[in-house]
Amino acid sequence: MASSVSLTAQNMSDIIKDMPDSIMPLLTKNDRLDFIDYLASNMKAEVTNRLGGKSEMTTISNDYAHIRMTGSSEISFKLLPTISDTIICMIHTYTSNGSDSKISFLNKRWEVLTTENYFEQPSTDKFISLPDTLTNTEKENLKNKVYIPFIKAENSKDNLELKLTLTTPKYMNTDDSKAIAPYINSEITMKWNGQRFE
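Computed from a predicted model, the values in this text were never measured in an experiment.

Reading guide: rules and limits
- Residues numbered from 1 in each chain as written.
- Predicted model: local features only at pLDDT ≥ 70, side-chain atom pairs only at ≥ 80, totals over all residues.
- Heavy atoms only, no water.
- Pairing = 2+ DSSP bridges.
- Helix = DSSP H or I, 4+ residues; strand = E, 2+ residues; numbered from the N terminus.
- Axes fitted to C-alpha atoms, helices over the stretch in contact; angles between N-to-C directions.
- pLDDT = per-residue confidence, 0-100.
- Contact = heavy atoms within 4.5 Å.
- Phe/Tyr/Trp six-rings, centres within 6.5 Å; stacked < 30°, edge-to-face > 60°.
- Buried < 20%, exposed > 50% of the residue type's maximum accessible area, 1.4 Å probe, protein only.
- Core = buried A, V, L, I, M, F, W, Y, C linked by side-chain atoms within 4.5 Å.

A. Spotlight on the sheet that holds strand 4 (residues 73–81). Read from one edge to the other, the open sheet built from 6 strands follows the order 1-2-3-4-5-6, with strand pairing classed as antiparallel. Each edge of the open sheet carries a strand with a single partner, namely strand 1 (45–48) and strand 6 (100–106). Across the sheet, the axes of successive neighbouring strands diverge by a mean angle of 20°, strand direction being ignored. Judged from the 4 bridges that link them, strand 2 (residues 54–60) and strand 3 (residues 64–70) form a sheet pairing that is antiparallel.

Here is the structure:
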């Protein structure tokens, strides 16, 4: 069910304060308020979450926020302007071993939007550059090693860009990781064009 709280303010501090508790269930509203107050006072913005662990807001600006939720997860928010409105890009990243991210988009009523309307995850092939000196069989063998695409996504705090990094090699055995490593592109950067990331 959508919250009655709407995203009328365009400042990230107000958005963090007023968002429904369901967006970050580990944190209470008081926790979120403390984050903002601590950073405004140049203090470490760390609170004890509902599970008894530590959560820390590391960054907040007019259109961006980053929170380390637990020792193995983090979440970021980015305001994205469109022709008629502002939407939120929310990235939840799990960081144990390698990293893998889930990207969500929400409107000003905190309703989840269809991700594919704003972002299409690049195929694994986009992260791999295989030279023509390899035979077709060698190419296929290398591609098959990356059969599950684990991808870390990061909102930029400085601009409207989204950085994607293939982290699958970190989950692979040592031999396979070494075999594919020379052919992995370090990252892909997508830019917000006012309608979607391209």
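B. Seen up close, the confidence of the model for the protein chain. The share of residues in the protein chain with pLDDT of 70 or more is 95%, and the mean pLDDT across the chain is 90. Ranking the helices and strands of the protein chain by mean pLDDT puts strand 1 first, with 98, and helix 3 (residues 136–145) last, with 86. Scored below 50 in pLDDT, residues 1–7 makes 16 contacts in the model with residues more than four places away or belonging to other chains.

C. Representation of the packing of aromatic side chains. This structure, assessed with the given rule, holds 5 aromatic pairs. Ring geometry for Phe105 versus Phe197: centroids 6.4 Å apart, planes at 45°, classification tilted. Taken together, the positions of Phe105 in strand 6 and Phe197 in the segment after strand 9 (188–191) put the pair 92 residues apart, joining distant regions of the chain. A relative accessible area of 1% places Phe197 in the buried class. Three or more aromatic residues link up through ring pairs in this structure, and these residues are Phe105, Tyr118, Trp192 and Phe197.

D. Spotlight on the environment of Lys163. Within the fold, Lys163 resides in strand 8 (residues 161–166). Its relative accessible area of 29% is what places Lys163 among the partly exposed residues. The spacing of Lys163 and Leu142 is 21 residues in sequence and 24 Å in space, taken between C-alpha atoms. In this view, Lys163 contacts Lys152, Ala153, Glu154, Glu187 and Ile188; residues no more than four positions away in its chain are not counted.

E. Layout of the nonpolar core. Counting residues in hydrophobic clusters, the biggest one holds 26 residues, and the most contacted among them are Ile103, Phe105, Phe119, Leu162, Leu164 and Phe197. Of all elements in the fold, only strand 5 (86–94), strand 6, strand 7 (151–155), strand 8 and strand 9 reach the threshold of two or more residues within this core. Filtering out sequence-adjacent residues up to four positions away, Phe119 remains in contact with Ile103, Phe105, Leu162, Leu164, Met190, Arg196 and Phe197. Ranked by size, the runner-up nonpolar core spans 23 residues in total, among them Phe35, Ile75, Ile88 and Met90.

F. Geometry of the pairing of strand 8. By the bridge criterion, 5 bridges tie strand 7 to strand 8 in an arrangement that is antiparallel. Bridging across to strand 8, Ala153 finds its partner in Leu164. Counting the residues that bridge the hairpin from strand 7 to strand 8 gives 5 residues.

G. Geometry of the sheet that holds strand 7. Pairing within the open sheet is antiparallel, and its 3 strands lie in the order 7-8-9. Either end of the sheet is taken by a strand with one partner, and the two such strands are strand 7 and strand 9. Geometrically, the sheet is characterised by an average inter-axis angle of 20° between neighbouring strands, direction not taken into account. Strand direction decides the pairing type here: strand 8 and strand 9, joined by 4 bridges, are antiparallel. Each residue of the ladder has a partner; that of Glu161, found in strand 9, is Lys191.

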